[in-house]
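# Fold and geometry: a report
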Amino acid sequence: MKSLRIAYPRSLNLKYLGKEKILSVILVAAIIASSTTLIYIVVIPKPGEVFTEFYLLGSNGTASEYPTDLTVGEDGKVIIFIVNYEYENVTYRLEVNFNGSLIHAEQVFLIENEKWESPFKFKATKKGINQKLEFILYKDHETKAYRTLHLYVSVI
Amino acid sequence: MNDWRFSKFLKIILSLQFAMWIAIALDAIGFQIPIIRQFIGFIYLTFIPGILILRVLKLHKLGNIETILYTVGLSIATLMFSGLFMNIFYPFFGISKPLSNLSFIITISILVLILCALSYARDKDFSNPTFINFENLLSSPTLFLLLIPFLSVFGTYLFNFYNSNVLQMFLIAIVAMICILIGLDIFIPKNLYSLAIFVISLSLLYHKSLISMHLWGWDIHIEYYFSNLVKIDSFWNSGIPNKYNAMLSVTMLGPIFSHICNLSLIWVFKIIYPLLFSLVPLGLYRVLQKETDDKIAFLSSFFFMAVPTFFSDMLQLARQQIAELFLVLLILLMVDKGIKKTKLSILYIIFGFSLAVSHYGLSYIYMLSLISVYPILFLMKNQTIQEVKATIYRRFSKSTNNDLKKVNISPGFALLFIIFTLAWYIYVSNSTAFFSFVRIADHIISTLFAQFLNPDAAEGLKLILMKGTSPLREVNKIFYILPLFFIVVGIFTSSLNVINMKFGKEYKAFALVNLTLCLAGIAIPYFASSLNTARLYHITLFFLAPFCVIGGIATFNRIKKVFGARLSEENMKASLKWLSVFFAIFLLFTSGFIYEVAKDNPIPFSLDKNRDYPRFNYKEVHAAKWLVDVTDSYPIYADQFGRLVLYEFVFLRVRTFLSETKELPSGAYIYFRSSNLKGFMVERKEKVYLDIDLPNSIFYNKVIIKKNRIYDNGGSKIYH
């Protein structure tokens, strides 16, 4: 009964190698190097895109029931979220404007991958449709807005 | 391996089985060794069930390529039908989640052990091993070829993270160079043509599939949705009325690989499916090697791969990738004259049924071909026709009629395939796959005479008549039309036996049917567009590719004859050299290499990172996932490309906004992707995707301007 036999390559001693074998040795080295690199990039993947997530949820914790229809004197409630995916610690500045007037400002420091959430309450003071409630997020000490959100509030 | 002594064979199988259990156990206790489980899992699922079935069937001495292809085909079929079996029967035993991780691990392990016992009972005495020649493995042409797929992986890495297409371009140039080297008989010997085909196939596929860290393209997002649904529910709901849901190639195969290999479905679709699909050109090469010769088989398979549908469109059609593997296996069975009738019938049924549950479009075309092939075969046998043929052969050919091979495809199989296919499509997923076929057929028949050869209705003709947007595009068109011309010439010269080939009757009959399908795509209204012209052309090339090479040889020889040369062996070799150069240039066009060098836009997205295309960055995907987490029943609107990423998570709630949309239902969400934030959206008008200036659109000024912006991550915004 025959068994599996392996025909091993002849000696790899460089002294006896021809051009063909030198090329083979170089190519084997290239394959080993490529395999190692491939394993490296799979095992230690490059970090993904860096960004900050900034969003609002209604008071029920879902993306609904935003306080867009209020009566004069009524409080509107939303939950503000900031998530830091910048792969570094970041100090944010959050500003809230209602009808162009600053009604709230605060500093938020988040470490890498940290999520911040805060309920926010505002009061509807005057009648009018589509009054802009604007949430502006600045990163570190930049003066240009980094992320912006808004709600149009109608007050009767 | 199926020819080895059984004890050695069993040792390897059981070692892999234990290795699989150990890898799973290590993962379970939190000791994860990167890559190991994925690697073992892939080998285990792709090869073990298939090779065991080959031993149970006592199929030996098949040759390396056939052994690999039949093994993979049988394994994939086993996995799909095992999943189906589990889904149907396990609930009767109180298992409410029949397709869970544990359920798959236990079932597949038991299946492997049963197959081991069966193969021992049936095949324990066979032993006729082949030798592994390490001398060949370490030869410089082999090593050179083995390096190429790495180039593909590193090229996409460089492109994804450093915006450089240098390695991608280098890869395409190397692949084109291999074609010329083989055409000129330099460096790569004949025994490595099959390896060259596999390496080119895998490299071309990976150079696109690995673009972006997420899925790109059209249908694949819906395939992901249904595959993920099965993975999340651990159950396949066959009643969901959607034709994608009826395809086990996505609803079973994806979750099985994902669970066993502990790999996300995204990477199953981006790595494993293309790897399985890369075997298709190898199968085609083997078929054509049997029907023609090594060089023609290589060039035909190269042409098949150089048509961009292979390395572009197909990557976004996971179900068709698997279906094409079964199609090529069925063709391989058709030309394989060494397998005994009973075993052949078993393989035909397994691969035929697997094709039917993998992709409806391809199954319908195969069904149509089967139905049409029998009248042709009948005519071929007709006495009068035989006499006419003999007269023609005497007039044009030096050789005699060589249709001596036995016919390998039985009417019984054809009937069984048709019944199974129709039954599957009628009973699964509320007959959606069946009704789409009826609808298309009805549409084609009702417009057949009214719009015959009307370019507006016949998509194939429209593409041929369409004017190129630059001189280079006009040249490219010639490179597309010439192969069509070669195919027609090839079919005629083969029919007249001017160039003597070994084609069997069935192959010729299938080629005639596929030529008719190809021409129908050009002339018959809505025929090609129902499947997509490029995809129809690609499918017909399974049978027509060799005729392109034969037609090319005939054409070059005819040109030479004008200058006084004879049709000799030497002239044929010279023609093949010219053809290899032609196909290499063809690839440089179809891959976008030439357009990138000439900076002639649009350049394929795999070479141009700025081109807008349905590929999605991390921020866009993150925003889509957020929408799913915090919203419930309201519809979500996005532009033509943006809707695709949403399909993955909330398929049924996704709608498309148009530039002229003036109003949306109350409560609806609007998803903006990165390109929308840059000021433009994509809209589809008359089957063409157009860039529209978003801030000046009616939609923006009537709808968006009044909406609340509730989410912003810099790459995507959501309005409500």
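Residues numbered from 1 in each chain as written. Chains lettered and ligands numbered in written order. Predicted model: local features only at pLDDT ≥ 70, side-chain atom pairs only at ≥ 80, totals over all residues. Heavy atoms only, no water.

### Here we look at the overall build of chain A
Helix and strand content of chain A: one helix and nine strands. Scanning chain A from its N terminus toward the C terminus, one meets helices and strands in the order β-α-β-β-β-β-β-β-β-β. Contacts in chain A between residues far apart in sequence, at least 24 positions, make up 64% of those at least 6 positions apart. Only carbon and sulfur atoms are counted for the fraction: they give 57% of the accessible area of chain A, which is about 9,200 Å². (Helix = DSSP H or I, 4+ residues; strand = E, 2+ residues; numbered from the N terminus. Contact = heavy atoms within 4.5 Å. Areas by Shrake-Rupley, 256 points an atom, 1.4 Å probe, with all protein chains shown as cover.)

### Notes on the interface of chain A and chain B
Of the residues lining the interface, 49 residues belong to chain A; the matching set on chain B comes to 48 residues. A combined buried area of about 4,300 Å² lies between chain A and chain B, and 65% of that area is made up of carbon and sulfur atoms. The interface formed by chain A and chain B holds zero salt bridges in total. Where chain A packs against chain B, one counts 15 residue pairs in polar contact (both at pLDDT 80 or more). Counting only elements with at least two residues in the side of chain A that touches chain B, the list comes to strand E1 (6–7), helix H1 (19–43), strand E2 (51–58) and strand E9 (147–155) of chain A. Here the element with the most residues in the side of chain A that touches chain B is H1 of chain A; it accounts for 16 residues. Bridge count between E2 of chain A and strand E7 (residues 709–712) of chain B: two bridges; the pairing is antiparallel. Its bridge partner being in E7 of chain B, Phe54 of chain A is matched across the sheet by Asp712 of chain B. (Buried area = accessible area lost by both parts, 1.4 Å probe. Salt bridge = Lys/Arg side-chain N within 4 Å of Asp/Glu carboxyl O. Polar contact = N/O pair within 3.5 Å; in protein donor to acceptor, adjacent residues only side chain to side chain. Pairing = 2+ DSSP bridges.)

### Quick word on the pattern of salt bridges
Residue and element names in this part refer to chain B. The full count for this structure, using the stated rule, is 18 salt bridges over all chains. A salt bridge links Arg473 to Asp600; the nearest nitrogen and oxygen atoms lie 3.6 Å apart. Highlighted residues: Arg473 in helix H23 (residues 471–495) and Asp600 in the loop between helix H28 (593–598) and helix H29 (618–630), separated in sequence by 127 residues. Judged by relative accessible area, which is 16%, Arg473 ranks as buried. The class of Asp600 is buried, set by a relative accessible area of 13%. The partner of Lys685 in a salt bridge is Glu683, and the shortest N-O contact between them spans 3.5 Å. A relative accessible area of 4% means that Glu683 is categorised as buried. The network of salt bridges with common partners includes Glu66, Arg286, Lys290 and Asp336. (Buried < 20%, exposed > 50% of the residue type's maximum accessible area, 1.4 Å probe, protein only.)

### Considering the side chain of Ser716 of chain B
Residue and element names in this part refer to chain B. Tracing the chain through its elements places Ser716 in the loop between E7 and strand E8 (717–719). Ser716 gets classed as buried once you look at its relative accessible area, which sits at 0%. Of the polar contacts made by the side chain of Ser716, one reaches the backbone oxygen of Phe672; its length is 2.8 Å. Once you skip the residues sitting within four places of it in the chain, Ser716 turns out to touch Lys619, Glu620, Ala623, Tyr671, Phe672, Arg673, Leu677 and Tyr711.

### Topic: the domain arrangement of chain A
Splitting chain A by domain gives domain 1 (12–46) and domain 2 (51–155). For domain 1 of chain A and domain 2 of chain A, the distance between their C-alpha centroids amounts to 56 Å. (Domains from an automatic or database assignment.)

### Notes on the domain arrangement of chain B
On domain assignment, one finds that chain B holds domain 1 (6–134) and domain 2 (620–719). Placing the centre of domain 1 of chain B and that of domain 2 of chain B at their C-alpha centroids yields a distance of 45 Å.

### Let's talk about the environment of Tyr595 of chain B
Locating Tyr595 of chain B in the fold gives a position in helix H28. For Tyr595 of chain B, a relative accessible area of 3% translates into the label buried.

### Re the confidence of the model for chain B
Overall, the prediction assigns chain B a mean pLDDT of 90, with 92% of residues at 70 or greater. In the predicted assembly, ipTM is 0.88 and pTM is 0.93. (pLDDT = per-residue confidence, 0-100.)

### Overview of the packing of helix H16 (residues 318–335) of chain B against helix H17 (residues 341–356) of chain B
All names here are of chain B. Where H16 meets H17, the closest approach of the two axes is 8 Å, and the angle between their N-to-C directions is 155°. Here H16 lies roughly antiparallel to H17, going by the angle between them. The handedness of the crossing between H16 and H17 comes out as left-handed. On H17, the residues touching Ala323, Phe326, Leu329, Leu330, Leu333 and Met334 of H16 are Leu344, Leu347, Tyr348, Phe351, Gly352, Ser354 and Leu355. Grouping the constituent residues of the contact of H16 with H17 by class yields eleven nonpolar, two polar and no charged. (Axes fitted to C-alpha atoms, helices over the stretch in contact; angles between N-to-C directions. Parallel < 35°, antiparallel > 145°, perpendicular 65-115°, else oblique. Left-handed = near helix turned anticlockwise from the far one by under 90°. Nonpolar A, V, L, I, M, F, W, Y, C, P; charged D, E, K, R; others polar.)

### A word on the pairing of strand E6 (residues 688–693) of chain B
Residues and elements named next belong to chain B. Bridge analysis of strand E5 (residues 680–685) against E6 gives six bridges, and the strand direction is antiparallel. Bridge pairing links Arg684 to Tyr689 in E6. Here E5 folds back onto E6 in antiparallel fashion, the turn holding two residues, of which Glu686 has a positive phi close to 50°.

### Here's the deal with a positive patch on the surface
Residues and elements named next belong to chain B. Together, Lys58, Arg122, Lys124 and Lys340 make up a positively charged patch on the protein surface. By the element assignment, Lys124 lies in the loop between helix H4 (101–123) and strand E1 (132–133). Look at Lys124 and you get partly exposed, because its relative accessible area is 38%. (Patch = residues over 30% accessible without salt bridge, like charges linked within 9 Å, V, L, I, M, F, W, Y side chains within 5 Å. Lys, Arg positive; Asp, Glu negative; His and termini not counted. Charge placed at Lys NZ, Arg CZ, Asp CG, Glu CD.)

### Considering unusual backbone geometry
All names here are of chain B. Cis rather than trans, the peptide bond between Asn601 and Pro602 has omega equal to 0°. For Pro602, the location among the structural elements is in the loop between H28 and H29. Not every positive phi belongs to a glycine, and Asp185 is a case in point at roughly 60°. Inspection of the secondary structure assignment puts Asp185 in the loop between helix H7 (166–183) and helix H8 (193–209). Residue classification places Asp185 among the partly exposed residues on the basis of a relative accessible area of 46%.

### Thoughts on the nonpolar core
Counting residues in each nonpolar core, the largest one holds 266 residues, and the members touching the most others are Phe135 of chain A together with Phe257, Phe298 and Trp424 of chain B. Sorting elements by how many residues they give to this core places H16 of chain B first, with 14 residues. Residues contacting Phe298 of chain B, with those up to four places away along its chain left out, are Cys179, Ile182, Tyr193, Ala196, Ile197, Ile200 and Tyr285 of chain B. Ranked by size, the runner-up nonpolar core spans 13 residues in total, among them Tyr637, Met681, Leu694 and Phe699 of chain B. (Core = buried A, V, L, I, M, F, W, Y, C linked by side-chain atoms within 4.5 Å.)

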